[in-house]
2 protein chains.
Amino acid sequence: MLKDLLAQRVNPDVPSALSGLFPKDDDPRALSFAAGSPREDLFPVAAMQAAFTTAIAENGAHLFQYQTAQGNPALRAKLAARIGKWGQVTTTADQVVLTNGGQQAIELVAKALLNVGDEVAVEVPTYIGALAAFDLYQPTYHAVPLQADGLDLNRLEDTLKQHPRIKLLYTVPDYHNPTGITMSVTKRKQLVDLANRYDFIILEDSPYRDLGYTHDPLPAIKHFDTEGRVVFVSSLSKILMPGLRTGWLVAEGDLLTAILRTRQASDLEANNVVHAAINAYLDTHDLDAHVAALRANYRDQCAALVRALTAYFPDEVAFTQPNGGFFDWVTLPPEVDTADLLTRAAIPQAHVSYVPGTNFYPARNVHNGLRLCFTGLTPDEIDLGMQRLGTVIKAAVREVRPVV
Amino acid sequence: MLKDLLAQRVNPDVPSALSGLFPKDDDPRALSFAAGSPREDLFPVAAMQAAFTTAIAENGAHLFQYQTAQGNPALRAKLAARIGKWGQVTTTADQVVLTNGGQQAIELVAKALLNVGDEVAVEVPTYIGALAAFDLYQPTYHAVPLQADGLDLNRLEDTLKQHPRIKLLYTVPDYHNPTGITMSVTKRKQLVDLANRYDFIILEDSPYRDLGYTHDPLPAIKHFDTEGRVVFVSSLSKILMPGLRTGWLVAEGDLLTAILRTRQASDLEANNVVHAAINAYLDTHDLDAHVAALRANYRDQCAALVRALTAYFPDEVAFTQPNGGFFDWVTLPPEVDTADLLTRAAIPQAHVSYVPGTNFYPARNVHNGLRLCFTGLTPDEIDLGMQRLGTVIKAAVREVRPVV
């Protein structure tokens, strides 16, 4: 009976995109390529412990008082400078908002923009958490495919011509979740031109931009923004630690005002204690050096995965060639359902888990993709896992494509 | 132009209930009774600093990894036990959700329940932040007056008869913000009976319940809940420190599932680092003893305010007699607009600020109330401030009610 009182956005008969993604496998041989978690052994734990002590000592009781929705000004200034240096985004602390992870930044942008039924364009596949945040505001989705150099802008423009009321485009331009694809610089500029022409907002979600294994970060889409149409979102979850729950966004004008207003109504303020500690950490540690160490590790893991996919997966299977980030995307023949394969064979036979691809599509209409995260396992474990998964996948492919 | 892309919920032409509440007065004589902030000199800063060190040392790197939407199980268990002891609520850790302050708990309940236009009943005046959170979901409000022993249940039932689709009732039963009123035990039980009969959810928001100056906390409304219709919300902001951004809620069944789902989509998780530190603090410190010390201080401030109001305010002015919490509510003759009085006389002449009452009404249709917070100033400062404000108020009353 109480169920009837729930809002449409949480219809209990429709499964949440974010729940049940990471199946349990208690077998000692289990190897998880599912969760997109960074490596704990690379976390600067002692340094952050000291930073909490310093921040509390330096700020005293006032640190624990009510503060502001926007968050710690010193940390905002550091993040503004950082995206200036590495993303060529000209901004200042007063355009930065500190959030509870990048997820809250995405949700606040959705909340500030979307009425029920408003039109949103997303690249597909796309980040599941973004779909979950958008779903809260019940939009109409338009799916635009990805190419090897990012969003297919011709298809996007076709979609815009057919649906000129599209209000928001969501993209992960750097080492995309779930495919690892990076958008070319040319396309970044063209995308802003389209936004100006067709009057929409770009939500640029870039938590992986510092984790390139072959080159420095590209200029952000926001670098090309001429009309305040791009909201840049990033996070310290992947380059520092996710438990800090610290994301941030850059926005301007009425849109910034609207975002701050929804933030205040949602949870009043940023977590100033944590943000003062991060600021103290950054005062005495070189984040670029830390990121370089992460890159050196993840680069080897990424290479091990691509090597193993090449060695163990059958020719009928395609996979991306990421040069940064956390993920690789594997495409099986259309007859293979990867959600079914996971529970029927991958976990019980290979003791390998991944995230089935369906959840990365707003219409849940594509069933033959899967996401592999390579950051949680050693190169040897990655090799072993892909050998096992390769065997299972070969069998599945042979079922639908028998060798004559 | 971009303004047209904003969602209706953040209409920039309608001022936010939460912005501009606390006017600046840089005069050295300024005394603020506006912000509802706890006293910083009573914050257990050194103990919390040590607790961060301990929590990080004991948990290590895993503390900073992705965790769960619901939050630290040990802290949830402690809060469940605490509301069992002091509120007679029978619950367990698995029904508790840790949130970013009580504000996020309120917003999540609104998000889980409200479609555009859904009907919500609130007591008036009511907490501004709750209105701001509800406003995000564009409900239709029904205002129910308060009496000296809490919500007027006859008026509520009349409203329910006229509007049987009311889905949610919001109430602050203990030392209410902004009036300081406490709901009687009898009414708590009757309110649950009404909820069962008229099929609505009660959002019981109780951040001040531990801060009673004359008696122990009453049983929560949730104590009388027989059908899982009451969501209990509280916070550590007023009894520990607001900068910890730690609120919590108790809910059950489908409603709990829906709330967790909206939480995950909104910002993924609770802040586990902060919550582990609070848990470590509670392992080695007696929160009841800390609360007793707060009560001893705030009790004197509360008494000083009531004494000063009695001494300095004219007979035409009514005020509540709080025996707990942070606030007193003052009612002037209907002809006096307290927002106008604030900027015209209270700040420039008396150097005293308060929150004008209009913002505490969803329809913004009552202009002669004002909220005073007594926790931020010493008894002497309270006396001085009310003496000055009393002079200004007497003049305003004489203008509309001349002595013949």
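The structure displayed is predicted, hence computed values, not measured ones.

### A look at the overall build of chain A
Now for step 1: Within chain A one finds 11 helices and 14 strands.
Now for step 2: Its C-alpha radius of gyration of 21 Å places chain A within 12% of the 22 Å reference for a compact globule of 404 residues.
Now for step 3: By principal-axis analysis of the C-alpha atoms, chain A measures approximately 70 × 55 × 50 Å.
Now for step 4: In chain A, buried positions account for 54% of the 404 residues.
Now for step 5: A separation threshold of at least 6 residues defines the contact pool for chain A, and within that pool the share at least 24 residues apart is 77%.

### Re the pairing of strand β3 (residues 119-124) of chain A
Residues and elements named next belong to chain A.
Now for step 1: Buried residues dominate β3, accounting for five of its six residues.
Now for step 2: Of the strand pairs in this sheet, β3 and strand β4 (residues 140-147) are connected by six bridges, and their pairing is parallel. When the sheet's bridge partners are listed, V120 is paired in β4 with Y141.
Now for step 3: Taken together, β3, helix α4 (residues 128-135) and β4 form a β-α-β motif whose crossover is right-handed.
Now for step 4: Bridge count between β3 and strand β6 (residues 168-171): three bridges; the pairing is parallel. Within β6, the position partnered with V122 by the bridge is Y170.

### A look at the sheet that holds strand β11 (residues 327-331) of chain B
The strands making up a sheet associate through hydrogen bonds between their backbones, and the pairing can be parallel or antiparallel.
Now for step 1: Pairing is antiparallel across the open sheet formed by four strands, whose spatial order is β10-β11-β14-β13 (chain B). The open sheet terminates on both sides in strands that have one partner only, identified here as β10 (318-319) and β13 (355-356) of chain B.

### Examining the pairing of strand β2 (residues 96-100) of chain B
Residue and element names in this part refer to chain B.
Now for step 1: Here β2 lies mainly inside the structure; five of its five residues are buried.
Now for step 2: Alignment of β2 against strand β9 (residues 246-250), held across five bridges, turns out to be antiparallel. Paired with V97 across the strands is L249, a residue of β9.

### Side note on the relation of the copies chain A and chain B
These two copies of the chain differ by a rotation about an axis and a displacement along the same axis.
Now for step 1: Overlaying chain A with chain B gives an RMSD of 0.0 Å, the required rotation being 180° about an axis along which the chain moves by 0.0 Å. Within this description, the copies of the chain are treated as partners about a two-fold rotation axis.
Now for step 2: Of the interface residues in chain A, 100% have counterparts in chain B that sit at the interface too, so the contact is made through matching surfaces.

### As for the interface of chain A and chain B
Now for step 1: The interface is formed by 71 residues belonging to chain A together with 71 residues belonging to chain B.
Now for step 2: Those elements that provide at least two residues to the side of chain A that touches chain B are α1 (45-59), α3 (101-113), α4, α7 (253-267) and α8 (272-284) of chain A.
Now for step 3: Looking at the side of chain A that touches chain B, the element that brings in the most residues is α7 of chain A, giving 11 residues.
Now for step 4: Counted by class, the side of chain A that touches chain B contains 33 nonpolar, 25 polar and 13 charged residues.

### Comments concerning the domain arrangement of chain A
All names here are of chain A.
Now for step 1: Examined at the domain level, chain A breaks down into domain 1 (2-43 + 289-400) and domain 2 (45-284).
Now for step 2: Across the boundary between the two partners, domain 1 contributes 32 residues, which contact 32 residues of domain 2.
Now for step 3: Of all the secondary-structure elements, those providing two or more residues to the side of domain 1 that touches domain 2 are α9 (287-312), β11 (327-331) and β14 (369-373).
Now for step 4: At six residues, the largest contribution of residues to the side of domain 1 that touches domain 2 is made by α9.

### Regarding the environment of L203 of chain B
Residue and element names in this part refer to chain B.
Now for step 1: Looking at where L203 falls in the secondary structure, it is placed in strand β7 (residues 201-205).
Now for step 2: On a C-alpha basis, the gap between L203 and A93 in space is 19 Å, while along the polypeptide they are 110 residues apart.
Now for step 3: In this structure L203 touches I106, V109, L168, L169, Y170, V231 and V233, once residues within four positions along its chain are discounted.

### Things to note about the sheet that holds strand β10 (residues 318-319) of chain A
Residues and elements named next belong to chain A.
Now for step 1: Ordered by their spatial adjacency, four strands build an open sheet running β10-β11-β14-β13, and the pairing between neighbours is antiparallel. If you trace the sheet from one side to the other, it starts and ends with β10 and β13 (355-356), each paired once.
Now for step 2: Bridge count between β13 and β14: two bridges; the pairing is antiparallel. Among the inter-strand pairings, P356 is bridged to a residue of β14, identified as L370.

### Details of the packing of helix α3 (residues 101-113) of chain B against helix α4 (residues 128-135) of chain B
All names here are of chain B.
Now for step 1: Interaxial distance between α3 and α4 falls to 9 Å at its minimum, and their mutual angle equals 35°. Crossing hand, α3 versus α4: right-handed. Facing Q103, I106, E107 and A110 of α3, the residues of α4 in contact are G129, A130, A133 and F134.
Now for step 2: Its residues placed into classes, the contact of α3 with α4 shows five nonpolar, two polar and one charged.

### Thoughts on the environment of A270 of chain B
Now for step 1: As for its placement among the helices and strands, A270 of chain B is situated in the loop between α7 (253-267) and α8 (272-284).
Now for step 2: Those residues in contact with A270 of chain B, other than ones at most four positions away along the chain, are A69, Q70, G71, N72, L98 and H275 of chain B.

### Quick notes on the confidence of the model for chain A
Now for step 1: The pLDDT averaged across chain A works out to 95; a share of 97% of its residues lies at or above 70.
Now for step 2: Interface predicted TM-score (ipTM) for the complex: 0.96; the corresponding pTM is 0.97.

### Observations regarding the nonpolar core
Now for step 1: By size, the foremost hydrophobic cluster in this structure holds 182 residues, and its most contacted members are A277 of chain A together with A277 of chain B.
Now for step 2: The residues contacting A277 of chain A, other than those within four sequence positions of it, are M48, A51, F52 and A55 of chain A.
Now for step 3: Membership of the second largest hydrophobic core comes to 37 residues, among which are Y298, A308, L332 and C373 of chain A.

### What about α9 of chain A?
Now for step 1: Over its 26 residues, α9 of chain A runs 37 Å from end to end, which matches the ideal 38 Å to within 8%, given 1.5 Å per residue.
Now for step 2: The secondary structure elements touched by the buried residues of α9 of chain A are β10, β11, β14 and α11 (379-400) of chain A.

Rules of the game
Residues numbered from 1 in each chain as written. Chains lettered and ligands numbered in written order. Predicted model: local features only at pLDDT ≥ 70, side-chain atom pairs only at ≥ 80, totals over all residues. Helix = DSSP H or I, 4+ residues; strand = E, 2+ residues; numbered from the N terminus. Rg over C-alpha atoms; globule rule 2.2 N^0.38 Å. Buried ≥ 20, exposed ≤ 12 C-beta atoms within 10 Å, placed from the backbone. Contact = placed C-beta atoms within 7 Å. Pairing = 2+ DSSP bridges. Right-handed = clockwise from strand over helix to strand, strands pointing away. Least-squares fit on C-alpha atoms with pLDDT ≥ 70 in both. Nonpolar A, V, L, I, M, F, W, Y, C, P; charged D, E, K, R; others polar. Domains from an automatic or database assignment. Axes fitted to C-alpha atoms, helices over the stretch in contact; angles between N-to-C directions. Left-handed = near helix turned anticlockwise from the far one by under 90°. pLDDT = per-residue confidence, 0-100. Core = buried A, V, L, I, M, F, W, Y, C linked by C-beta atoms within 7 Å. Expected span 1.5 Å × (residues − 1).

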